[in-house]
Amino acid sequence: MRRHQGRTYLELEQELGPETAHDLRLVVHFFERLWLAIEHDAIERKCVPRLFGDTFYWWYAASFRHQFVPLSSEVGLNIQSLWEWLESHASEAQKRGWRHGNERWLPAQPADQQ
């Protein structure tokens, strides 16, 4: 992700090839299914921030926010909805922990994305 920050997922798929892009799609689709489970009450909502928040925070901050969500696809909109839901349902302490725990692992944002 660090080497490809300035590219969208569509560009990454073309550059990296179908096998590598498949791995990225698995991550994206996992989080999309998580959002659908929340949306349709198919998961214990109170557990979601604790179980998935930290990992989702990293993926959203490092990649989804600037490489996928701007495509405005249905999947991108679902990813954005999950982000907004987590932001409104996680405690301030959880969000601080996500930021603090991930800041050293996050790639620097491209200048045009800051």
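Our structure is the block above this text.
As the structure is a computational prediction, the values presented were derived from the model and not from experiment. Think of each chain on its own: its residues are numbered from 1, step by step along the sequence as written. Local features are withheld for residues below a pLDDT of 70 in this predicted model, meaning they are given only at 70 or higher, and side-chain atom pairs are given and counted only at 80 or more; totals for whole chains, interfaces and linings count all residues. Side-chain calculation: all heavy atoms of the structure are included, whereas hydrogens and water are not.

Turning our attention to the overall build of the protein chain. Every helix listed is a DSSP run of H or I at least four residues long, and every strand listed is a run of E at least two residues long, numbered separately from the N terminus. Summing up its helical and strand segments, the protein chain has 5 helices and 0 strands in all. Helices and strands in the protein chain line up, N terminus first, as α-α-α-α-α. Only protein chains enter the accessibility calculation, which uses a 1.4 Å probe. A residue is then buried if its area is under 20% of the maximum for its type, exposed if over 50%, and partly exposed in between. Looking at the protein chain as a whole, 41% of its 114 residues qualify as buried. Each accessible area is a Shrake-Rupley estimate made with a 1.4 Å probe; only the visible protein chains count as cover when residues are assessed. When the accessible surface of the protein chain is split by element, carbon and sulfur atoms take 51% of a total near 7100 Å².

You can see lysine 95 is positioned in helix 5 (residues 92-102). Looking at lysine 95, the relative accessible area reads 9%, which means it is buried. Contacts described as polar in this section are N or O atom pairs within 3.5 Å, which, within protein, must combine one atom able to donate a hydrogen with one able to accept it, while residues neighboring in sequence count only if both atoms come from side chains. Within polar-contact distance, the side chain of lysine 95 engages the side chain of glutamate 92 at 3.0 Å. Residue contacts are defined here by distance: any two heavy atoms, one from each residue, within 4.5 Å place the two residues in contact. Here lysine 95 is in contact with Glu87 and Ala90, once residues within four sequence places are set aside.

Right, let's talk about helix 5 for a bit. Every buried residue of helix 5 is listed here: Lys95, Trp98 and Asn102. Axial view of helix 5: buried residues confined to an arc of 55°, hence all on one face. Buried-residue contacts for helix 5 involve helix 3 (48-68) and helix 4 (74-89). What the arc describes is the spread of directions from the helix axis to the C-beta atoms.

Moving on, we come to the side chain of asparagine 78. Within the secondary structure, asparagine 78 sits in helix 4. According to the relative accessible area criterion, asparagine 78 is buried, its value standing at 10%. Only 2.8 Å separates the side chain of asparagine 78 from the side chain of glutamate 32, close enough to count as a polar contact. Once residues within four sequence positions are removed from consideration, asparagine 78 is found in contact with Glu32, Trp35 and Leu36.

The next thing to look at is the packing of helix 3 against helix 5. The interhelical angle for the contact between helix 3 and helix 5, taken along N-to-C directions, is 40°, at an axis separation of 9 Å. One way to sum up the angle between helix 3 and helix 5 is to call them oblique. In this structure, the crossing between helix 3 and helix 5 has a hand that is right-handed. Residues Pro49, Arg50, Gly53, Asp54, Tyr57 and Trp58 of helix 3 lie in contact with helix 5, whose contacting residues are Gln94, Gly97, Trp98, Arg99 and Asn102. Where helices are involved, their axes are fitted lines through C-alpha atoms of the stretch in contact, as for all axes, and angles between N-to-C directions lie from 0 to 180°. Reported orientations rely on four angle classes, namely roughly parallel under 35 degrees, roughly antiparallel over 145, roughly perpendicular from 65 to 115, and oblique for the rest. The handedness criterion is simple: a crossing whose near helix is rotated anticlockwise from the far helix by less than a right angle is left-handed, and one whose near helix is rotated clockwise is right-handed.

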